[in-house]
Every structure is written in C-alpha cells, then in structure tokens.
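# Observations on the three-dimensional arrangement
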Amino acid sequence: MRRSELVRSLSRVPFPEDPRADLEQVGTPAEAAAELLFAAVRLDGLDGRSVLDLGAGTGRLAVGAALLGANPVVGVEVDPALVRIARAAAERAGVAVKFVVADVAAYDRPTDVVVMNPPFGAQRRHADRPFWDRAFALARRSVHAFALADSRTFIASRAVARNAQVLETQPVAWDLPRTFPHHTRRRVTLAVDRWALRTETAP
Ligand code: SAH
C-alpha cells in the first residue's frame, strides 16, 4: 500500500467526538500515524507479525497496522465508547482487528510489535508510565511509539533498563485542532518524537 493511500484510509478513522481530557484522548494525525507505521514496515516488516496497540482509542494505529498486513492485530482501550467507534472503523476498512476493553496495566499477552500513542502525561503526571512498562514487557521484537520531546530522558533510561536498543528518535509534526476546553488556541502544536526501539536481543 502506498503511503498516500494509507493516509487517506487513516483520515477516515474518526477522532473521538467528545474526547476525555482525563484520559488524554488525542487522536494521532493521519500523517504521523502513517510515518510510525511505515517505520515499522521498514524496520520490522509488518506482514504476518502480531501487533498490539496500547491505548488504541478509535483505532487509527491498529487499523493501519492491519491494512499493512499485520496479523493478528489487537487494540487495548479502556473507554468502551471509543472501542465501539474503532470496531466500526475496522469493519469499514475491511480489516480484522480485535479490540479489547481493558486497562493496559492489566493486559499481559505478548506480541511481536507494540505500536502506541499513549497519554503523554500532560494531564495526569506519569500517565504514560504503565504504557511504557507494558510495551517493554510485551514486545518480543520492537516498540514504535509517540512521546512528548520532554520525555526523552525517561524513555531512553527505561530502554537501557530493559535492554532495548533505540533505533530512531525522530521529531514529528504534531499539529492538532483544538481538542479540550483548556486548549485556548484554535490549533495546538506539540513537540513530539516518534520512537523506534528494538526489544529483541541479538542471539
Ligand atoms: N491510539 C489512538 C488514541 C491515542 S489517545 C490514536 O492513535 O488515535 C490515548 C488513548 O489511551 C485514549 O483513547 C485513552 O482513552 C486511552 N487510555 C488512557 N489511559 C488508559 C489505560 N490506562 N488503559 C487503556 N487505555 C487508556
């Protein structure tokens, strides 16, 4: 699938209608999602690999991974209202994704690749931590994720502690329409990095 085609398909996966600030329900911009997913293709190959999307929201990353040939794909999301939207989006896109309503902290099935756009911890300090813990614990091969640029030291040190190798830390354009009432400007630009980490240790 061409990148422009993926961007188009991902744009059709809706953002949450009434996003909850406490859960940092911020959908991934389609371009950024495509960037992360194509990095996973380039570095891991997604065809036939199992993918887990932590904090799947309305399903952009999970649906995109399935469109690129990942199988099986599981999305874990705590908000059942978003899971309903995600299931409909997967069906419209014609892909099989299993969405599970659960807290990521309680999810324990290993996978080849973890993809995630977790809460950045801007609302609740350290809300991102259980996501990174789970990602390192469950990914047999790699983790592809977004994080605020502020979190670089935390993620790099967590990677070292987990024996994971940082493959890429790439700043991405992250320009969002106003999402929450506390956003006072019409558009919000965040300093966000895309991370690619290899969790699989060489034999
Ligand atoms: N991955 C989606 C949504 C990212 S926003 C996308 O790329 O568009 C982060 C998501 O994590 C939100 O949907 C939020 O409801 C969910 N979330 C927050 N805390 C969670 C937790 N502890 N367990 C599972 N999901 C959680």
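So, a few notes on the structure that sits alongside this text. On a predicted model such as this, the values are computed, not experimentally measured, just so you know. (Residues numbered from 1 in each chain as written. Predicted model: local features only at pLDDT ≥ 70, side-chain atom pairs only at ≥ 80, totals over all residues. Heavy atoms only, no water.)

### Re the overall build of the protein
Across its full length, the protein holds six helices and nine strands. Its C-alpha radius of gyration of 15 Å places the protein within 12% of the 17 Å reference for a compact globule of 203 residues. Counting only C-alpha atoms, the protein reaches 50 × 40 × 30 Å along its principal axes. For the protein, the residues scored as buried account for 52% of the 203 residues in total. The long-range fraction of contacts in the protein, counting pairs at least 24 apart against all pairs at least 6 apart in sequence, stands at 73%. Approximately 9,800 Å² of the protein is accessible, and the part contributed by carbon and sulfur atoms is 48%. Computed over 28 positive and 23 negative side-chain charges, the separation of the two mean positions in the protein equals 1 Å. (Helix = DSSP H or I, 4+ residues; strand = E, 2+ residues; numbered from the N terminus. Rg over C-alpha atoms; globule rule 2.2 N^0.38 Å. Buried < 20%, exposed > 50% of the residue type's maximum accessible area, 1.4 Å probe, protein only. Contact = heavy atoms within 4.5 Å. Areas by Shrake-Rupley, 256 points an atom, 1.4 Å probe, with all protein chains shown as cover. Lys, Arg positive; Asp, Glu negative; His and termini not counted. Charge placed at Lys NZ, Arg CZ, Asp CG, Glu CD.)

### Comments concerning the packing of aromatic side chains
For the coordinates displayed, the defined rule picks out three aromatic pairs. Considering the side-chain rings of Phe 146 and Trp 174, the 4.9 Å spacing of their centres and the 65° angle between planes classify their relative orientation as edge-to-face. One end of the pair, Phe 146, is in strand E5 (residues 139-148); the other, Trp 174, is in the loop between strand E6 (165-172) and strand E7 (175-177), and 28 residues separate them in sequence. By relative accessible area, which is 1% here, Trp 174 ends up buried. (Phe/Tyr/Trp six-rings, centres within 6.5 Å; stacked < 30°, edge-to-face > 60°.)

### Regarding the site of the ligand
Neighbouring the ligand are 19 residues; Gln 25, Thr 28, Gly 55, Glu 77 and Val 104 lie closest to it. Here an oxygen atom of the ligand and a side-chain polar atom of Gln 25 are 3.0 Å apart. The separation between a nitrogen atom of the ligand and a polar main-chain atom of Val 78 is 3.3 Å. Here the shell around the ligand is built from residues that sort into 10 nonpolar, six polar and three charged. (Near = heavy atom within 4 Å. Polar contact = N/O pair within 3.5 Å; in protein donor to acceptor, adjacent residues only side chain to side chain. Nonpolar A, V, L, I, M, F, W, Y, C, P; charged D, E, K, R; others polar.)

### Some points on the nonpolar core
Of all hydrophobic cores here, the largest spans 38 residues; its most connected members are Leu 37, Leu 46, Val 51, Val 97, Phe 99, Phe 146 and Trp 174. A per-element tally of this core places helix H2 (residues 30-43) first, with seven residues. Ranked by size, the runner-up nonpolar core spans 25 residues in total, among them Val 74, Val 114, Met 116 and Phe 136. (Core = buried A, V, L, I, M, F, W, Y, C linked by side-chain atoms within 4.5 Å.)

### Comments concerning the environment of Val 188
Checked against the element boundaries, Val 188 lands in strand E8 (residues 187-189). Residue class for Val 188 comes out buried when judged on its relative accessible area of 10%. Distance in space between the C-alpha atoms of Val 188 and Leu 176 is 5.2 Å, their sequence separation being 12 residues.

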